[in-house]
Amino acid sequence: MNQILFVEKPKKGNSLEINTIIKIFVILMIILGAILVGKGVFSLVSSKTNEKLIEPTIRVEEIDGKVQLNIIHEKVIDKIIYFWNNENENTLQGRGQAQISEEIDLPVGTNTLNLKIIDIDKKEYTYKKEFSRIDEDLIKPEIEFIVEGSKVKIVAKDETELKYIMYRWDNEDNTTLEVREDSKTQIEEKISILKGEHILTVIAVDKAGNEQTKTQTFKGAKKPEIKVSQENDELVIVITDEENVKKVELTVNGEFYSTDWQNTGASLDMKEVSLRQKLIAGENTITITAYSVSGLSEQLTAHATV
């Protein structure tokens, strides 16, 4: 018998199914790749977003002529650098803190405050703000003259801060005295009164530029001169003054005597006054005070034994 062999032809449907599977696989790989790329981009964006979130919070405000700095950061602050306009930099140390409050002086006028905040990772953040401060000090300094013997003490005072004083006799050149760091509201200077009649002029200037001037005429003279000597049981007292002796006071062994005991202001009007004081037996202590018509005085204490 003749055998008839039948060979089955491949079905077209199987080939189509394989192609479809491959296409689906490729599409899935593309989608998976897109997802992975998306996650990477999202991660990068998130990272940058997080960096923006850790910028420090900076609050700067003016309070009573001062600038208050309040800085809060999520990281430890290494240091804060600040300067006005283009002037020298000042550094505030972070001291291992993430929150810092500081107070700095606010200069007069319109000025720009520049800040640099540097954290522990050496990342730097900058900030600037403009401030305007009007000088409100309108009070002039005060000047006082105090005569002390043959000298006059100049006392200049200001309610906030002095800058300097200048003084001169008549039309001479000014002598300038700057304020000291340990006494910013007061300047004192003691100067000799010139012999004869002269005009003293003092100018005081405070930090805000307010100026005060005071002039006064002084008549310079020497103090009275006192000489004592002992003659037996008497103490001889001789007082001289180039103008005139106004008054003499004695304290003898605790007892007080005066040529003007009623304090009327009457003057002796003598260039030389001689007195003799009786001494008691034993030790004697006598204090003599002489006053001139110029207001100067001299005092001498003598001891005598009889």
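Please read all numbers here as calculations on a predicted model, not as lab measurements.

Caption draft 1: Local environment of the overall build of the protein chain. The number of helices and strands found in the protein chain is one helix and 20 strands. Counting all 306 residues of the protein chain, 30% fall into the buried class. Excluding contacts between residues fewer than 6 apart, the proportion of contacts in the protein chain whose partners are at least 24 apart in sequence is 55%. Working note: accessible area of the protein chain is about 20,600 Å², and carbon and sulfur atoms make up 51% of it.

Caption draft 2: Representation of the sheet that holds strand β1 (residues 57–63) in the model. A sheet is described by the order of its strands in space; here three strands give the open sequence β1-β2-β5, paired in antiparallel fashion. The two strands at the open ends of the sheet, each matched to only one other strand, are β1 and β5 (99–105). Looking at each pair of strands side by side, their axes are set apart by 15° on average, direction ignored. Pairing geometry for strand β2 (residues 66–72) and β5, over seven bridges, is antiparallel. Its bridge partner lying in β5, Ile-71 is registered against Ile-100.

Caption draft 3: Quick peek at the pattern of salt bridges. Here the structure, examined in full by the defined rule, presents 16 salt bridges. Across the pair Glu-148 and Lys-190 runs a salt bridge whose closest N-O atoms are separated by 2.8 Å. Of this pair, Glu-148 sits in strand β8 (residues 142–148) while Lys-190 sits in strand β12 (residues 186–192), and the two are 42 residues apart along the sequence. Relative accessible area serves as the criterion here: at 31%, Glu-148 is assigned to the partly exposed category. You can call Lys-190 partly exposed: its relative accessible area is 44%. Asp-233 is the salt-bridge partner of Lys-278, the closest N and O atoms lying 2.6 Å from each other. Here Asp-233 lies in the loop between β15 (225–231) and β16 (234–252) and Lys-278 lies in strand β18 (residues 270–278), a separation of 45 residues in the sequence.

Caption draft 4: Structural detail: the side chain of Asn-210. Along the polypeptide, Asn-210 turns up in the loop between β13 (196–206) and β14 (211–220). Taking relative accessible area as the criterion, Asn-210 reaches 14% and is therefore assigned buried. Of the polar contacts made by the side chain of Asn-210, one reaches the backbone oxygen of Ile-139; its length is 3.4 Å. If we ignore the near neighbours within four places in the chain, the residues touching Asn-210 are Asp-137, Leu-138, Ile-139, Lys-140, Pro-141, Ala-204 and Val-205.

Caption draft 5: Highlighting the packing of aromatic side chains. Applying the stated criterion across every chain yields a total of three aromatic pairs. Seen from their ring centres, Trp-84 and Phe-131 are 6.0 Å apart, and the 75° between their planes marks the pair as edge-to-face. With Trp-84 in strand β3 (residues 77–84) and Phe-131 in strand β7 (residues 124–133), this pair connects stretches of sequence that are 47 residues apart. With centroids separated by 5.7 Å and ring planes inclined at 70°, the aromatic side chains of Phe-145 and Phe-218 adopt a geometry described as edge-to-face. Here Phe-145, found in strand β8, pairs with Phe-218, found in strand β14; they are 73 residues apart in sequence, far enough to count as distant. What makes Phe-218 buried here is its relative accessible area of 5%.

What counts as what
Residues numbered from 1 in each chain as written. Predicted model: local features only at pLDDT ≥ 70, side-chain atom pairs only at ≥ 80, totals over all residues. Heavy atoms only, no water. Helix = DSSP H or I, 4+ residues; strand = E, 2+ residues; numbered from the N terminus. Buried < 20%, exposed > 50% of the residue type's maximum accessible area, 1.4 Å probe, protein only. Contact = heavy atoms within 4.5 Å. Areas by Shrake-Rupley, 256 points an atom, 1.4 Å probe, with all protein chains shown as cover. Pairing = 2+ DSSP bridges. Axes fitted to C-alpha atoms, helices over the stretch in contact; angles between N-to-C directions. Salt bridge = Lys/Arg side-chain N within 4 Å of Asp/Glu carboxyl O. Polar contact = N/O pair within 3.5 Å; in protein donor to acceptor, adjacent residues only side chain to side chain. Phe/Tyr/Trp six-rings, centres within 6.5 Å; stacked < 30°, edge-to-face > 60°.

Scope: geometric values only; no functional claims are made or implied.
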